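# Summary of the model geometry
Residues per chain are reported as follows:
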Amino acid sequence: MNWKYPVAFIALLSCAVGSQAQVTPAQANELLKAKLNNTNVVPGSDGWLFFTPELQYLTAGTFWGAQAASVSKATNKADADPLPAILDFKAQLAKAGIDLLMVPVPAKAQIYPEMLDARLKGAVLDETQKSFYSLLAKNGVKVLDLAPVFRTGKTTTSAPLYCKQDTHWSSAACQIAARQIAQLVVKAPWFKAVPKRQYVQNNKNITITGDLWGMLNDKTVAKETLSVNIIQEKNAQGLAPVGSWRESPVVLLGDSHNLVFSTGGDMLVSGAGLPDQLAGALGMPVDVVAVRGSGATPARVVLLRRGDNLAGKKQVIWCFTVREFTEGQGWKKVPVIK
C-alpha cells in the first residue's frame, strides 16, 4: 500500500477499501466515523489508545488557504486558516523585538503508527504537515519539527514518548523537546546575561488515569504505569518546585501539553512536564501561559488580557498539538501587542 497520504492510513482503519483504492479526505472521515461508532477512543495494539480527532487531522489534507474552511472544525469558517493568525502574531512579536519559535506536538499515530496497526510500521504521515512548516519558514516563522526527532528518540530511549492511555506526550518526550528547544534559545545574545539557577532531577514510576482510559467503557483494562523525570530547583532552603516565573524572558505559550506532568491533579503529576524540563535545560524557569483545550486563539487572548505588551520578554515558545490546525476552535488574529 502507498502510505504517502494519510487518507490511505484511514482507509486501512475502516477496512472498507482495497489496498490500491483512492479515497478522498471526506470519504475517509465518513469511513472512520462508521468504523468507530462515534467514539473518541481508537484501540491499538498492546494497550495503546488513540484519539479520534488526531486521526481526523491526519486525514484533512491541505488545511490552509482556500482549503481551510472545508476541513477545519472551527465554528466560524473565517477563522479556519491558521496561516494569517500565525503570521500576524509573528509580526507583532518581531516589532517588539521578541523571537517566536513554534513547537507543534506531533500526533501519537505519527510517531507510533505501528501501535495502531502493525501494517502501518514505517508509515510516514507528515507530508502535508511538512509542506505547511516549509510555508511558515518561507514567511520567516521558526518551526521546530519534532516528528523526525521523536522517531529517532523512540529507538534510543526505553520510555515511550507518548502515554499509551492519554492524549498527551510523556515526560520522556518533554525531556527531548526541552533539549531541542534549549539548543535554539541559548544561542540568543540576551541569554547569557540572565541569572541561572540550579536544578536536580529524580526519576520515578507513577500509575496514571489517562484521559483516553477514562473514555473506555471497559474499566477492567489495567491503568498505565510510566517513568517520569521530576525536576526541582536547588536553593539555600533546599529543594523547591520549578513553577512558572512571570518575570522570565521566555514565555511558554500553548495548550495542555505544557501542563501535563507539570501541574498535578488531572495533569497526572507535578514537576515532570515541559516547563520543568525547560527550566532544567535553560537554567531558569519560564513564564507558562497554557490553556486547556486550545493553545491557538485562547492562549493568545490570555496574553492580551495581561495588558503588558509582553514587556521584558525575549522569546515566545508556542507549543500545541498538531490537531489544533484543523480540530480546534479556530485561528483569530489577537492584538497581543498594541
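Presented here is an overview of the structure given in this document. (Residues numbered from 1 in each chain as written. Predicted model: local features only at pLDDT ≥ 70, side-chain atom pairs only at ≥ 80, totals over all residues. Heavy atoms only, no water.)

Summing up its helical and strand segments, the protein chain has 14 helices and ten strands in all. At a minimum sequence separation of 6, the contacts of the protein chain that also span at least 24 residues come to 73%. Accessible surface computed for the protein chain: about 14,600 Å², of which carbon and sulfur atoms make up 51%. (Helix = DSSP H or I, 4+ residues; strand = E, 2+ residues; numbered from the N terminus. Contact = heavy atoms within 4.5 Å. Areas by Shrake-Rupley, 256 points an atom, 1.4 Å probe, with all protein chains shown as cover.)

What follows deals with the packing of helix H10 (residues 171-185) against helix H12 (residues 274-282). Packing of H10 against H12 leaves a shortest axis separation of 8 Å and a crossing angle of 45°. The pairing of H10 with H12 is recorded here as oblique in orientation. Crossing of H10 over H12 shows right-handed handedness. Of the residues in H12, those touching H10 at Ser 171, Cys 174, Gln 175, Ala 177, Ala 178, Ile 181, Ala 182 and Val 185 are Leu 274, Gln 277, Leu 278, Ala 281 and Leu 282. Looking at the contact of H10 with H12, its residues break down into ten nonpolar, three polar and no charged. (Axes fitted to C-alpha atoms, helices over the stretch in contact; angles between N-to-C directions. Parallel < 35°, antiparallel > 145°, perpendicular 65-115°, else oblique. Left-handed = near helix turned anticlockwise from the far one by under 90°. Nonpolar A, V, L, I, M, F, W, Y, C, P; charged D, E, K, R; others polar.)

Before going further, it helps to spend a moment on the sheet that holds strand E7 (residues 238-241). Two pairing modes exist for strands in a sheet, parallel and antiparallel, and in both the strands are linked by backbone hydrogen bonds. Across the sheet, which stays open at both edges, the three strands sit in the order E5-E6-E7 with antiparallel pairing between neighbours. Only two strands of the sheet have a single neighbouring strand rather than two, namely strand E5 (198-208) and E7. Ignoring strand direction, the axes of neighbouring strands in this sheet form an average angle of 40°. Across four bridges, strand E6 (residues 224-235) lies against E7 in antiparallel orientation. What sits directly across from Gln 232, in E7, is Pro 241. Contacts from H12 reach E5 and E6, with the element oriented near 45° to E6. (Pairing = 2+ DSSP bridges.)

In this section: the sheet that holds strand E9 (residues 287-290). Strand order in the open sheet formed by five strands is E4-E3-E10-E8-E9, and the pairing between neighbours is parallel. For this open sheet the edge positions go to strand E4 (142-143) and E9, each flanked by a neighbour on one side alone. Where strand E3 (residues 99-105) meets strand E10 (residues 315-321), seven bridges bridge the pair, whose relative direction is parallel. Bridge pairing links Leu 100 to Val 316 in E10.

Right, let's talk about the nonpolar core for a bit. Residues Trp 169, Phe 261, Leu 274 and Phe 325 are the most contacted members of the largest nonpolar core, which totals 95 residues. It is H10 that provides the largest number of residues to this core, a total of nine residues. One finds Phe 51, Leu 212, Trp 213 and Leu 216 within the second-largest nonpolar core, a separate group that totals six residues. (Core = buried A, V, L, I, M, F, W, Y, C linked by side-chain atoms within 4.5 Å. Buried < 20%, exposed > 50% of the residue type's maximum accessible area, 1.4 Å probe, protein only.)

With that out of the way, let us pick up the state of the cysteines. Such a bond, covalent and formed between the sulfur atoms of two cysteines, is termed a disulfide. A complete count under the given rule lists zero disulfides for this structure. Distance from the sulfur of Cys 163, which forms no disulfide, to the nearest cysteine sulfur (Cys 174) is 8.8 Å. Cysteine Cys 174 remains unbridged, with the sulfur of Cys 319 as its closest cysteine sulfur at 8.0 Å. (Disulfide = S-S within 2.5 Å.)

Moving on: H12. Along an α-helix, residues three or four positions apart point the same way, because every turn accommodates 3.6 residues. Across the nine residues that make up H12, a large majority, seven, are buried. Residues Leu 274, Pro 275, Asp 276, Gln 277, Leu 278, Ala 279 and Leu 282 constitute the buried set of H12. Residues of H12 that are buried sit in contact with H10, E5, E6, strand E8 (250-254), E9 and E10. Immediately downstream of H12, the backbone of Gly 283 shows phi near 80°, a positive value.

The geometry of two aromatic rings is summed up by the distance between their centres and the angle between their planes. A full pass over the atoms with the stated rule returns 19 aromatic pairs. For the pair Phe 63 and Phe 325, a centre-to-centre distance of 4.9 Å together with 15° between the ring planes defines the contact as stacked. Residue Phe 63 is found in the loop between helix H3 (52-58) and helix H4 (68-71), and its partner Phe 325 is found in helix H14 (residues 324-327); the two are separated by 262 residues along the sequence. By the burial criterion, Phe 63 is buried, and Phe 325 matches it. Ring geometry for Phe 132 and Phe 325: centres 5.2 Å apart, planes at 70°, overall edge-to-face. Taken as a pair, Phe 132 in helix H8 (residues 127-138) and Phe 325 in helix H14 lie far apart in primary sequence, 193 residues in all. Each member of the pair, Phe 132 as well as Phe 325, carries the same accessibility label: buried. Above the ring of Phe 50, the side-chain terminus of Lys 108 is found at 5.4 Å from the ring centroid. Looking at Lys 219, its charged tip hangs above the ring of Trp 213, at a distance of 4.6 Å from the centre. (Phe/Tyr/Trp six-rings, centres within 6.5 Å; stacked < 30°, edge-to-face > 60°. Lys NZ or Arg CZ within 6 Å of the ring centre and 35° of its normal.)

The next thing to look at is the packing of helix H5 (residues 82-95) against H8. Orientation of H5 relative to H8, taken along the N-to-C sense of each, is 35°, at an axis distance of 11 Å. At the point where H5 passes H8, the crossing takes the right-handed sense. When H5 is examined against H8, the residues Pro 82, Leu 83 and Ile 86 are found in contact with a partner set consisting of Phe 132, Leu 135 and Leu 136.

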